[in-house]
Amino acid sequence: MTILEYIVLVLLGFSFALFIFSLFLKDPYKEIREEIDQMSIQHIQEMYQIKKKLKVLEEELLIGEDSLVPPLSFKSSSPAIEKKDIHEIIKNQVILLTQQGLTIDQIARQSSLAPEEVNAIQTEMNLRGQDYE
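In what follows, the accompanying structure is described. All residue numbers refer to position in the chain's written sequence, counted from 1. The model is predicted, so local features are restricted to residues of pLDDT at least 70 and side-chain atom pairs to those at 80 or more, both for listing and for counting; the totals for chains, interfaces and linings are taken over all residues. Hydrogens and water molecules were not included; the side-chain quantities draw on all heavy atoms of the structure.

**Regarding the pattern of salt bridges**
Oppositely charged side chains are able to pair whenever their charged atoms sit close together.
Phase 1: Here a salt bridge means any side-chain nitrogen of Lys or Arg lying within 4 Å of a carboxyl oxygen belonging to Asp or Glu. Overall, the coordinates contain four salt bridges when judged by the stated rule.
Phase 2: Notably, a salt bridge pairs Glu-88 with Lys-91, separated by 3.6 Å at the nearest N-O pair. Here Lys-91 and Glu-88 lie together in helix α3 (residues 88–99), a separation of three residues that amounts to about one turn.
Phase 3: Looking at Glu-88, the relative accessible area reads 40%, which means it is partly exposed.
Phase 4: Given a relative accessible area of 6%, Lys-91 falls into the buried group.
Phase 5: Through salt bridges with shared partners, a single network forms among Glu-88, Lys-91 and Glu-124. Put simply, DSSP H or I for four residues or longer makes a helix, DSSP E for two residues or longer makes a strand, and each gets a number counted from the N terminus. Per-residue accessibility, obtained with a 1.4 Å probe over protein chains only, is compared with the maximum for each type, and a residue is labelled buried under 20%, exposed over 50%, and partly exposed between these values.

**Let's talk about the side chain of Gln-122**
Phase 1: Along the chain, the position of Gln-122 falls in helix α5 (residues 115–128).
Phase 2: Note on Gln-122: relative accessible area 9%, which makes it buried.

**Remarks on α3**
Phase 1: With twelve residues, α3 should reach 16 Å at 1.5 Å per residue; the first-to-last C-alpha distance of 16 Å fits that figure.
Phase 2: Looking at α3, one finds that the buried residues are Lys-91, Val-94, Ile-95, Leu-97 and Thr-98. Summarising the axial view, the buried residues of α3 lie within an arc of 165°, below the 170-degree limit, and thus occupy one face.
Phase 3: Buried residues along α3 sit against α4 (104–111) and α5.
Phase 4: Residue Gly-101 follows α3 closely and has a positive phi angle near 90°. In this scheme, a helix's expected span is set at 1.5 Å multiplied by one less than its residue total. Regarding the arc, it is the one traced by the directions from the helix axis to the C-beta atoms. What makes two residues a contact is simply this: any of their non-hydrogen atoms within 4.5 Å.

Shown next as structure tokens:
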């Protein structure tokens, strides 16, 4: 055998020894991969819970819309105001002012509504079961 063959055999033996040694070494990225896996699982579980809660809320909203009493129409002495859609923000303002104990005339002035409209909103909220008093 020549020197070149000895060198090749020594290098093959050394590479085999390094390969066996690498099998017993601890993987430095194993812990990081496990943490990422755990975080991914937690994220997926949280997203599932959020989607489940969102679905329940959507169902409640759909049920709530079906069960609501349609808004009352009111008749005014002037023909220009027979039926007027009142925005929910204005309705909420009327309810809050009613809770504060203001009279219908005071609420009408503050919300720029007719007293009949304020009375209709209060009646509508009573029919819906919202207690504001």
